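# Analysis of the macromolecular model
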Amino acid sequence: MSYAPDFVEKWRRATIYIEKILEGAKPVDPPVEQPKFELVINLKTSKEIGLTIPQWVLMRTDRVIK
């Protein structure tokens, strides 16, 4: 189980900031943004260690690895 920022989205947003700065914006002008977090659960590993993930947790999960 992992709850962490979505790194692909994080780098995508960083390129937008860099583009704005290269076009002449001051580095302090763009707003600070909260990264999007994602919850990932590995069901195969949880079954191997005997852990049962409740259905309500799986419904809130962004990505499930089977």
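Notes on the structure follow. From a predicted model like this one, the values you see are computed outputs, not experimental measurements.

With respect to the element layout, K36 can be found in the loop between α1 (7-22) and β2 (37-42). Note: C-alpha distance between K36 and F7 (29 residues apart in sequence) is 8.8 Å. Aside from chain neighbours lying at most four places away, what touches K36 is A4, P5 and D6.

Strands sit in the order β1-β2-β3 across an open sheet of three strands; the sheet is mixed. Looking at strand neighbours, the two that pair on one side only are β1 (2-5) and β3 (63-65), the edges of this open sheet. In this sheet, adjacent strand axes meet at a mean angle of 25 degrees when their direction is disregarded. Summarising the sheet, β1 and β2 pair through four bridges and their orientation is antiparallel. Paired with S2 across the strands is V40, a residue of β2.

Moving on to the packing of aromatic side chains. Within this structure, the stated rule accounts for one aromatic pair. For the pair Y3 and F37, a centre-to-centre distance of 5.4 Å together with 20 degrees between the ring planes defines the contact as stacked. In this pair, Y3 sits in strand β1 while F37 sits in strand β2, placing the two residues 34 residues apart along the sequence. Judged by relative accessible area, which is 32%, F37 ranks as partly exposed.

So, how was this worked out
- Residues numbered from 1 in each chain as written.
- Predicted model: local features only at pLDDT ≥ 70, side-chain atom pairs only at ≥ 80, totals over all residues.
- Heavy atoms only, no water.
- Helix = DSSP H or I, 4+ residues; strand = E, 2+ residues; numbered from the N terminus.
- Contact = heavy atoms within 4.5 Å.
- Pairing = 2+ DSSP bridges.
- Axes fitted to C-alpha atoms, helices over the stretch in contact; angles between N-to-C directions.
- Phe/Tyr/Trp six-rings, centres within 6.5 Å; stacked < 30°, edge-to-face > 60°.
- Buried < 20%, exposed > 50% of the residue type's maximum accessible area, 1.4 Å probe, protein only.

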